[in-house]
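For reference, the chains in residue letters:
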Amino acid sequence: MTWAAVAGQEFSLSLLREVTGLEEEQLSEVIDRAVAARVLTPHPYLGQEAYAFVDEVVRDVLYEGIGPARRRRYHLKVGQMVEKVHVRHLEEHYDALLRHFLEGNDLEKAKEYARKAGDRASSMYSWDRAIAHYQTALDLLEELESDPLERAEVLEKLAQVTGLGRGRGAVDYWERALSIYETLKDNKRAGAVHLRLGSRTGGVLDSAKRYSHNVKVVALLEPEGESPELAQAYIQLGDDAVHGHGQRSTGLPLMEKGLALAERLGDTAGVIEAARLLGHALVYHSGEISRGLGLYQR
């Protein structure tokens, strides 16, 4: 039962067979005795024969009775066997694989599954789980002194799910990712993060700081050529100018420029954002009510 305790609260019979190496008859006898003693109970799982511990306390007692060195070996083997046995639906086991490889001290594998578990939790709108998994991935990346670009990518994912799940606290992650991109002189990625921080929904409350980010976006992305990100940067910078940052006279021309670029690139989302912000500026700041309302209607 020690292998079962390491496998988890629930486990498939095929997994237990692989990790124990027991013949089917021997394993069935052990399982039957455990069921009779009310230690285990049958547990339906994806059409496979599976079992679960009746009481978590029993499983915890068995687990705690395993020495640290043996426990590491067991977790590592269970993780490897989960990959083998459940290869057709591995995404269902990302959380377990993360735990097994982390406890088994295979940090490279644990890092891989932490990212995958975070991606899956994010796709299911489970923000707190996604945050926890991405934070684990980041901690492992830092411990392994991995590629800084990979760290920056995880920081961006953390920023996104933190903003969505908690509505605050994302700015620190964006700024840490930005610092890495700037160190790597990756202007495109740095520009994209500046763009995010310069938006009204980017979490930066200080409007002067948003303006500073938008100035940097334009400086970084203009040499890179036309892009949807550059169009958005013109729009945001123009909106800043209309609201008192930089020269007001540059606001509307910049927003017009962003709209024209978004149209040229066929960037529908960019056109919508430009029409919304430019429409607002025309109605409330230049008195061109008819034109502004036309953009809103568009």
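The structure reproduced in this document is the subject of the present report.

Definitions and limits used
- Residues numbered from 1 in each chain as written.
- Predicted model: local features only at pLDDT ≥ 70, side-chain atom pairs only at ≥ 80, totals over all residues.
- Heavy atoms only, no water.
- Helix = DSSP H or I, 4+ residues; strand = E, 2+ residues; numbered from the N terminus.
- Expected span 1.5 Å × (residues − 1).
- Buried < 20%, exposed > 50% of the residue type's maximum accessible area, 1.4 Å probe, protein only.
- Contact = heavy atoms within 4.5 Å.
- Phe/Tyr/Trp six-rings, centres within 6.5 Å; stacked < 30°, edge-to-face > 60°.
- Lys NZ or Arg CZ within 6 Å of the ring centre and 35° of its normal.

Quick word on helix H11 (residues 187-198)
For H11, which comprises 12 residues, the first-to-last C-alpha distance of 16 Å matches the rise-based estimate of 16 Å (1.5 Å per residue) to within 8%. Residues of H11 that are buried: Ala190, Gly191, Val193, His194, Leu195, Leu197 and Gly198. Buried residues along H11 sit against helix H9 (148-166), helix H10 (170-183), helix H12 (207-221) and helix H13 (228-242).

Considering the packing of aromatic side chains
Going through the model one piece at a time under the given rule, you end up with five aromatic pairs. Arranged with centres 3.7 Å apart and planes meeting at 10°, the rings of Trp3 and Tyr74 form a pair that is stacked. Residue Trp3 is found in helix H1 (residues 2-7), and its partner Tyr74 is found in helix H5 (residues 68-85); the two are separated by 71 residues along the sequence. Taken individually, Trp3 and Tyr74 each receive the classification buried, so the pair is uniform in this respect. Each ring, one from Phe101 and one from Tyr113, has its centre 5.9 Å from the other, and the planes form 5°; the classification is stacked. Taken together, the residues span a long stretch of sequence, with Phe101 in helix H6 (residues 94-103) and Tyr113 in helix H7 (residues 107-123) at a distance of 12 residues. Residues Phe101 and Tyr113 agree in their burial class; the two are buried. An aromatic cluster is defined as three or more aromatic residues linked by ring pairs; in this entry it consists of Tyr94, Phe101 and Tyr113. Residue placement shows Arg59 over the ring face of Tyr63; its charged tip is 5.0 Å from the ring centre.

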